[in-house]
Amino acid sequence: DDQIERERASQHLPGGCCALAAIYLMGKFYVANAGDSRAIIIRNGEIIPMSREFTPETERQRLQFLALLRPELLGKEFTHLEFPRRIQPKELGKKMLYRDQDMNGWAYKKIEENDLKFPLIFGEGKKARMMATIGVTRGLGDHDLKVFSSNIHIKPFLSCFPEVRVYDLTQYEHCPDDVLVLGTDGLWDVTNDKEVAGVVMEVLTSYEPNDPCRYTMVAQELVVRSRGVLKERGWRLANDKLGSGDDISVFVIPLGGPGNYT
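This is a predicted model, so every value here is computed, not measured.

1. Describing the overall build of the protein
(1) Moving on: From N to C terminus, the protein includes five helices and 17 strands.
(2) Moving on: Along the first, second and third principal axes, the C-alpha set of the protein runs to 70 × 45 × 40 Å.
(3) Moving on: Of all intrachain contacts in the protein linking residues separated by at least 6 positions in sequence, the fraction that spans at least 24 positions is 60%.
(4) Moving on: Computed over 34 positive and 38 negative side-chain charges, the separation of the two mean positions in the protein equals 7 Å.

Printed below as a string of structure tokens:
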């Protein structure tokens, strides 16, 4: 993250990205995630999550706590409190559900002038945005990113620190059909873990266990199915739902060699 900031200053390169990394070291996989990409292990048909997405919804309390500690980061446009919907001026003095950085559930409070500001986190699911700008809360770069038509910087709320999960390969017997799947959010936006596991098993069983291209074909099939087919109404999946409009990158990494196959 520091290197990206130096390059931004010296080479005038703006922008940023999420990061998902898998490192094999001394019999263990270390999977580090900063962003909304995802990694899963598929072992003997079982799905083992190796990451979680960092979004305004999943990191609500961290973001709200930072805003509480440093309210100047919000400018005069945002409030760190969350409400079920936007509050109208006519609702001043009335009671409404809210939650702050310490709350998992909701409580009632009397609406005050400060509550009329735009909430730090607004929207649900993939439409959730932080400061009405960005839908991911960890990643690298984006040092210049600001709220539209303002001088409020987003970067203080974007963490470059990943969550790391460890998987010990030495504790299990792995066959060639056991894999680690790494994918950007373009894959997971339209495909869940179970569907990905289904595609993995479907493609792998159509190739010999010692055929090295079988893993590349799995990755290719996951990308193709998530993009869909171009029709009159845009890219469509097999169920006629909208295909992914985001970038889709997929890695499929075998955990066991042909010698382990039984």
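2. Details of the domain arrangement of the protein
(1) Moving on: You can read the domains of the protein as domain 1 (1-52 + 162-254) and domain 2 (59-141).
(2) Moving on: For domain 1 versus domain 2, the distance between C-alpha centres works out to 32 Å.
(3) Moving on: Between domain 1 and domain 2 lies a buried interface of about 790 Å² when both sides are counted; carbon and sulfur atoms form 56% of it.
(4) Moving on: Our count for the domain 1 to domain 2 interface comes out at two salt bridges.
(5) Moving on: The residue Lys-126 makes a salt bridge to Asp-189 at a minimum N-O spacing of 3.1 Å.
(6) Moving on: The interface formed by domain 1 and domain 2 contains three residue pairs in polar contact (both at pLDDT 80 or more).
(7) Moving on: Of the residues in the side of domain 1 that touches domain 2, the class split is six nonpolar, three polar and five charged.

3. A short note on the layout of surface pockets
(1) Moving on: As a volume, the largest pocket reaches approximately 580 Å³.
(2) Moving on: Broken down by secondary-structure element, the contributors of at least two residues to the lining of the largest pocket are strand E2 (19-25), strand E14 (179-183) and helix H3 (185-188).
(3) Moving on: Taken together, the residues of the lining of the largest pocket break down into nine nonpolar, eight polar and ten charged.
(4) Moving on: A domain split of the lining of the largest pocket shows at least three residues from each of domain 1 (1-52 + 162-254) and domain 2 (59-141).
(5) Moving on: Put simply, the second largest pocket is a space of about 290 Å³.
(6) Moving on: For the second largest pocket, the lining is made up of 13 residues, of which Val-190, Thr-191, Arg-225, Leu-237 and Ala-238 are closest to its centre.
(7) Moving on: Among the secondary structure elements, those contributing two or more residues to the lining of the second largest pocket are helix H4 (193-204) and helix H5 (214-227).

4. Some details on the UniProt feature "domain: PPM-type phosphatase" (unreviewed entry) in the protein
(1) Moving on: Residues annotated by UniProt as "domain: PPM-type phosphatase" (unreviewed entry) correspond here to residues 1-255.
(2) Moving on: The distance from the first to the last C-alpha atom of residues 1-255 is 30 Å, and the span holds 20% helix and 26% strand.

5. Examining the pattern of salt bridges
Oppositely charged side chains are able to pair whenever their charged atoms sit close together.
(1) Moving on: Tallied over the full model, the rule gives 20 salt bridges.
(2) Moving on: Here Arg-70 makes a salt bridge to Glu-72, at a shortest N to O gap of 3.0 Å.
(3) Moving on: Connected through shared salt-bridge partners, Glu-5, Arg-8 and Asp-144 make up one network.

About the thresholds
- Residues numbered from 1 in each chain as written.
- Predicted model: local features only at pLDDT ≥ 70, side-chain atom pairs only at ≥ 80, totals over all residues.
- Heavy atoms only, no water.
- Helix = DSSP H or I, 4+ residues; strand = E, 2+ residues; numbered from the N terminus.
- Contact = heavy atoms within 4.5 Å.
- Lys, Arg positive; Asp, Glu negative; His and termini not counted.
- Charge placed at Lys NZ, Arg CZ, Asp CG, Glu CD.
- Domains from an automatic or database assignment.
- Buried area = accessible area lost by both parts, 1.4 Å probe.
- Salt bridge = Lys/Arg side-chain N within 4 Å of Asp/Glu carboxyl O.
- Polar contact = N/O pair within 3.5 Å; in protein donor to acceptor, adjacent residues only side chain to side chain.
- Nonpolar A, V, L, I, M, F, W, Y, C, P; charged D, E, K, R; others polar.
- 1 Å grid on protein atoms, 1.4 Å probe; cavity = no way out; pocket = protein on both sides within 12 Å on 5 of 7 lines; lining within 4 Å.
- Points joined across faces, edges and corners; volume = space filled by probe spheres on them.
- UniProt positions renumbered as here; feature names shortened; annotations may be inferred.

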